[in-house]
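Given next are the chains, with one letter for each unit.
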Amino acid sequence: MDFSYTEEQQMLRDGVARFLEKTYDFDARQAVVASDAAWSEDAWSQYAELGLLALPFAEDHGGLGGTITDCVAVAEFFGRHLTVEPFDSSIILAGAAIAASSNKVAHAWLERLMTGDAIAAFAYEEGHGTASPDLISMKAVASADGYTLSGEKRLVLAGQEADIIVIAARIEDSGTLGLFLIENGAPGLSVRGYSSVDGRSAANIRFDGVDVLPSGVLDKDAAGLIDQIIAKGMLVRAAEAVGAMGALVEMTGEYANTRKQFGVPIATFQAVAHRLADMKIAYSKARATLIYTTALAESGAASGRDMAILKGQMGKLGQEIGEMAIQTHGGVGMTDELSVSHYHKRLLALDAQFGSHAYHLRRLGQR
């Protein structure tokens with residue numbers, strides 16, 4: 001089995017890498033996070049020009065027909081540069097739900113998502129901290145004109161700024177999981193925005209009798225589709241985690257080889273040298289797991305167990321690398337002025353989404 005990227009994928013990676021290295025260094029990223037803007041509009045427009053926003057959508061929808069491997073190939077650089085734009089939430093999660101629907105009215109949003117003129121949010125999490133759809137309790141009650149949604153969704157990335165929101169809710173009559181689409185600002189919708197620990201814009205959204213017209217019903221039996229969407233989201237976020245881990249390994253090695261004590265680089269100290277070696281091993285394991293699982297997903301052979309292994313490995317290894325990087329840098333590694341702590345927070349945030357590594361490792365033990 002060939003685990004290398006194709007020439008076309010490598011060209012795409014090179015283009016994304018050049019753009020982010022030129023315009024999205026740590027200082028530029030911090031300026032965006034400190035501003036009133038939720039993310040960089042210039043960067044989002046450039047993503048559209050590079051074709052990234054159209055990448056995973058089929059050509060029938062006006063997209064580029066890219067695969068999950070294509071998305072993983074570029075997402076690694078999003079993690080490396082700690083980007084805060086809502087690529088995964090708007091394109092990989094919400095966009096995929098709209099594209100998979102047979103609702104032609106909803107498809108009209110896809111062109112706007114691909115050009116960057118509109119943003120979508122995926123409202124799934126209800127505070128349980130797991131990826132299990134069995135814990136979704138938001139109700140969708142049939143009405144004369146469609147459905148009425150009641151409940152609360154938490155940690156909805158880009159939830160305050162999104163033009164549209166895709167919601168997973170349990171249909172009261174059938175007990176099945178449905179996917180629904182509403183425009184932000186609909187009557188009965190209450191949005192409380194905040195910044196997540198890693199600098200992204202997020203929101204808790206309360207639904208108090210929000211009406212959904214038939215044009216907003218994406219799927220009335222979407223359990224299988226939700227599993228597929230979440231699996232793709234896990235892969236893309238795992239790629240972000242690997243990118244962040246790689247950056248930490250590089251900067252920690254560079255610091256240890258330039259920081260001197262007793263007249264010699266601290267990298268020559270046995271304890272530090274062993275820690276650097278452990279970081280490299282952990283990173284290699286994480287990247288190998290990502291590439292292998294992506295290959296399985298590309299061929300349609302990835303199982304729930306494979307996704308649990310991926311999520312468990314990413315969270316566990318990412319936490320270890322982040323902690324070792326901070327230990328090596330010492331007190332300065334805890335400060336906001338240095339990027340180390342921000343990479344660590346990004347890895348912790350990625351671990352918490354769709355179930356922590358502890359949750360997924362427990363699932364493996366129960367199989």
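Structure report, in brief.

**Digging into the nonpolar core**
In step 1: Counting residues in hydrophobic clusters, the biggest one holds 115 residues, and the most contacted among them are Y47 and L179.
In step 2: With 18 residues, helix α7 (residues 223-258) is the single largest residue contributor to this core.

**Description of the pattern of salt bridges**
In step 1: Applying the stated criterion across every chain yields a total of 14 salt bridges.
In step 2: Between E320 and K316 there is a salt bridge whose closest N-O contact spans 3.0 Å. With a gap of 4 residues between them, E320 and K316 both fall in helix α9 (residues 304-329), about one helical turn apart.
In step 3: For E320, a relative accessible area of 29% puts it in the partly exposed group.
In step 4: Linked by salt bridges that have partners in common, D88, D198, R200, R237, E240 and R346 make up one network.

**Thoughts on the packing of helix α8 (residues 270-298) against α9**
In step 1: Running from N to C, α8 and α9 point in directions that differ by 155 degrees, and their axes come no closer than 9 Å. In terms of axis orientation, α8 runs roughly antiparallel to α9. Crossing handedness for the pair α8 and α9: left-handed. On the side of α8, the interface is formed by V272, R275, D278, M279, A282, Y283, K285, A286, T289, L290, T293 and L296, while α9 contributes D306, M307, L310, Q313, M314, L317, I321, M324, A325, Q327 and T328.

**Focus: empty space enclosed by the protein**
Over the atoms, a rolling probe the size of a water molecule traces out where space has been left empty.
In step 1: Per the stated rule, a full pass over the model turns up 3 cavities of 30 Å³ or more.
In step 2: Taken as a whole, the largest cavity encloses approximately 100 Å³ of empty space.
In step 3: What lines the largest cavity is simply M234, R237, A238, A241, K311, M314, G315, L347, L350, D351, Q353 and F354.
In step 4: Only α7, α9 and α10 (339-352) provide two or more residues apiece to the lining of the largest cavity.
In step 5: If one sorts the elements of the lining of the largest cavity by residue count, α7 sits on top with 4 residues.
In step 6: Taken together, the residues of the lining of the largest cavity break down into 7 nonpolar, 2 polar and 3 charged.

**As for helix α1 (residues 7-23)**
Spacing of three or four residues puts side chains on the same side of an α-helix, whose turn is 3.6 residues.
In step 1: For α1, spanning 17 residues, the distance from its first C-alpha to its last is 25 Å, which sits close to the expected 24 Å at 1.5 Å a residue.
In step 2: Taken residue by residue, α1 has Q9, R13, G15, V16, A17, F19 and L20 as its buried positions.
In step 3: As for α1, its buried residues are in contact with α3 (41-49), α4 (68-80) and α8.

Criteria and cut-off values
Residues numbered from 1 in each chain as written. Predicted model: local features only at pLDDT ≥ 70, side-chain atom pairs only at ≥ 80, totals over all residues. Heavy atoms only, no water. Core = buried A, V, L, I, M, F, W, Y, C linked by side-chain atoms within 4.5 Å. Buried < 20%, exposed > 50% of the residue type's maximum accessible area, 1.4 Å probe, protein only. Helix = DSSP H or I, 4+ residues; strand = E, 2+ residues; numbered from the N terminus. Salt bridge = Lys/Arg side-chain N within 4 Å of Asp/Glu carboxyl O. Axes fitted to C-alpha atoms, helices over the stretch in contact; angles between N-to-C directions. Parallel < 35°, antiparallel > 145°, perpendicular 65-115°, else oblique. Left-handed = near helix turned anticlockwise from the far one by under 90°. Contact = heavy atoms within 4.5 Å. 1 Å grid on protein atoms, 1.4 Å probe; cavity = no way out; pocket = protein on both sides within 12 Å on 5 of 7 lines; lining within 4 Å. Points joined across faces, edges and corners; volume = space filled by probe spheres on them. Nonpolar A, V, L, I, M, F, W, Y, C, P; charged D, E, K, R; others polar. Expected span 1.5 Å × (residues − 1).

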